[in-house]
Amino acid sequence: MVDKGIVLSGMRPTGKLHLGNLMGALNMWIKLQKEYSCFFMVADLHALTTDYGDTKEIRENIVQMVIDWLSVGIDPKNTVIFRQSEILEHSELCLLLSNITPLPWLFRNPTYKEQLKELKKEEIFTHGFLGYPVLQAADILLYKSKIVPVGIDQLPHLELTREIARRFNNLYKKVFPIPRQILTESPKLTGTDGRKMSKSYNNCIYISDDKESIIKKVKNMITDPARIRVSDKGHPDICSVFALFNNFPHHFAKYDIERECKEGKLPCVECKQWLYSSVLEDLKENYEKRLYYEKNKEEINKVLELGKEKALRIARKTMEEVKQAMQLA
Ligand code: TRP
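A quick note: this is a predicted structure, and the numbers were derived from the prediction, not measured. (Residues numbered from 1 in each chain as written. Predicted model: local features only at pLDDT ≥ 70, side-chain atom pairs only at ≥ 80, totals over all residues. Heavy atoms only, no water.)

A. Just the site of the ligand, in detail. Lining the immediate environment of the ligand, one finds 14 residues, of which His46, Tyr132, Gln136, Asp139 and Gln154 sit closest. A distance of 2.7 Å separates a nitrogen atom of the ligand from a polar atom in the side chain of Asp139. Protein contacts shield 91% of the accessible area of the ligand, which totals 360 Å² for the unbound molecule. In terms of residues, the shell around the ligand owes the most to one element, helix α9 (residues 132–142), which gives 4 residues. (Near = heavy atom within 4 Å. Polar contact = N/O pair within 3.5 Å; in protein donor to acceptor, adjacent residues only side chain to side chain. Areas by Shrake-Rupley, 256 points an atom, 1.4 Å probe, with all protein chains shown as cover. Helix = DSSP H or I, 4+ residues; strand = E, 2+ residues; numbered from the N terminus.)

Next comes the structure, spelled out in structure tokens:
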């Protein structure tokens with residue numbers, strides 16, 4: 001097999017994953033793992049940059065996130081799944097890179113500026129939060145990853161990673177390849193209330209929801225409020241079921257639903273049945289695996305243990321090169 005290099009990506013363990021995560025990042029990961037040597041990381045150190053004050057749930061969040069990954073089809077036999085904090089080299093490389101990263105690069109990072117506005121300023125006015133992209137650069141460069149699947153919101157971090165890598169290579173020695181991103185299409189998935197699907201709106205369908213809750217969530221969705229009788233002409237453009245359905249192009253012939261609804265031929269109840277059957281169909285294979293891992297949680301530790309060994313091997317090798325380049329070894 002031609003060596004195409006390592007693909008690395010990560011997610012912060014901040015809670016259950018929803019359909020938006022599945023259709024965005026996870027589906028891309030599943031595709032990439034067939035072609036590349038993939039390293040998928042539980043970014044628990046990154047979770048601390050914003051949630052440092054409350055770490056009670058981090059352990060369980062990690063387990064649940066890995067169960068989500070495995071049940072939708074991330075294959076631990078071919079793919080390395082590991083926990084960032086268990087590979088100390090991430091922290092070590094982050095520290096070394098922080099010395100060559102000018103502060104203005106970090107202050108002008110758009111995600112930093114946005115989050116400062118959104119979250120309470122004093123809470124994240126920390127060194128760790130400002131340095132978030134330096135840690136992310138360390139994650140990527142430690143594995144000399146050439147390809148990094150990320151959502152569009154992460155592009156500034158990838159750009160910074162490249163700048164940091166170039167600076168390192170120029171200052172010392174060419175150790176790091178310059179990574180490029182693969183954009184995971186994150187469809188702005190609509191939630192059960194018609195707004196963007198997001199944990200903070202409490203409008204998500206989770207990968208871990210059981211069948212009954214998915215059916216219930218869909219049944220409770222609000223459709224076109226002006227449509228009282230089936231024969232009333234519907235307005236799909238303001239209907240949350242239609243909006244969510246739109247994200248399942250592989251299941252529904254949009255034209256027919258749209259037309260039939262507009263002509264007052266398709267009862268909302270039936271439309272909802274189609275929607276939840278499509279969601280359940282997409283998650284079909286997930287249920288059995290999830291059941292297995294829920295019952296055998298020690299398997300998750302085994303997966304992480306195995307991943308740790310594999311990740312460590314590469315991380316150590318890169319750190320040797322880094323230290324030699326910097327005259328530290
Ligand atoms: N910052 C990423 C996010 O919030 C998570 C992440 C951490 C990551 N380290 C990474 C993604 C390295 C890609 C590569 O989505």
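B. Quick look at the side chain of Ser71. With respect to the element layout, Ser71 can be found in helix α3 (residues 58–72). Excluding anything up to four places from it in sequence, Ser71 contacts Glu285, Asn286, Lys289 and Arg290. (Contact = heavy atoms within 4.5 Å.)

C. Geometry of the pattern of salt bridges. Summed over all chains, the structure comprises 18 salt bridges. Here Asp54 makes a salt bridge to Lys56, at a shortest N to O gap of 3.0 Å. According to the relative accessible area criterion, Asp54 is partly exposed, its value standing at 45%. Its relative accessible area of 66% is what places Lys56 among the exposed residues. (Salt bridge = Lys/Arg side-chain N within 4 Å of Asp/Glu carboxyl O. Buried < 20%, exposed > 50% of the residue type's maximum accessible area, 1.4 Å probe, protein only.)

D. Up close: the side chain of Lys272. Tracing the sequence through the fold places Lys272 in helix α14 (residues 268–282). Not counting residues up to four positions away in its chain, the partners in contact with Lys272 are Val218, Lys219, Asn220, Met221, Thr223 and Val241.

E. Here's a closer look at the environment of Ile222. Along the chain, Ile222 falls in the loop between α11 (211–219) and α12 (240–245). With relative accessibility at 60%, the residue Ile222 sits in the exposed group. Residues Ile222 and Tyr52 lie 170 residues apart in sequence; the distance between their C-alpha atoms is 37 Å. Not counting residues within four places of it along the chain, the set of residues in contact with Ile222 comprises Thr192, Ser240 and Val241.

F. Summary view of the domain arrangement of the chain. On domain assignment, one finds that the chain holds domain 1 (6–189 + 297–325) and domain 2 (209–290). Summarising the inter-unit geometry, the C-alpha centres of domain 1 and domain 2 are found 35 Å apart. A combined buried area of about 810 Å² lies between domain 1 and domain 2, and 63% of that area is made up of carbon and sulfur atoms. Contact with domain 2 buries area across many residues of domain 1, yet Leu19, Met23 and Ser71 alone supply 50% of it, more than any other trio. Here domain 1 is connected to domain 2 by 1 salt bridge. Residue Asp68 is joined to Arg290 by a salt bridge in which the shortest nitrogen-to-oxygen separation is 2.8 Å. At the junction of domain 1 and domain 2, the tally comes to 3 residue pairs in polar contact (both at pLDDT 80 or more). Where the side of domain 1 that touches domain 2 is concerned, the elements lending two or more residues are α1 (19–32) and α3. (Domains from an automatic or database assignment. Buried area = accessible area lost by both parts, 1.4 Å probe.)

G. Structural view of α3. Its 15 residues give α3 an end-to-end C-alpha distance of 21 Å, which sits within 8% of 21 Å, the value for a rise of 1.5 Å per residue. Of all the 15 residues making up α3, 12 are buried; the element is thus mostly covered by neighbouring parts of the structure. Those residues of α3 not exposed but buried are Asn61, Ile62, Val63, Gln64, Met65, Val66, Ile67, Asp68, Trp69, Leu70, Ser71 and Val72. (Expected span 1.5 Å × (residues − 1).)

H. Highlighting the environment of Ile81. Tracing the chain through its elements places Ile81 in strand β3 (residues 80–83). Judged by relative accessible area, which is 1%, Ile81 ranks as buried. Sequence separation of Ile81 and Leu70 is 11 residues, and the distance between their C-alpha atoms is 9.7 Å. Not counting chain neighbours up to four residues away, the residues in contact with Ile81 comprise Phe40, Val66, Trp69, Leu70, Ile74, Pro76, Val303, Leu304, Gly307 and Lys308.

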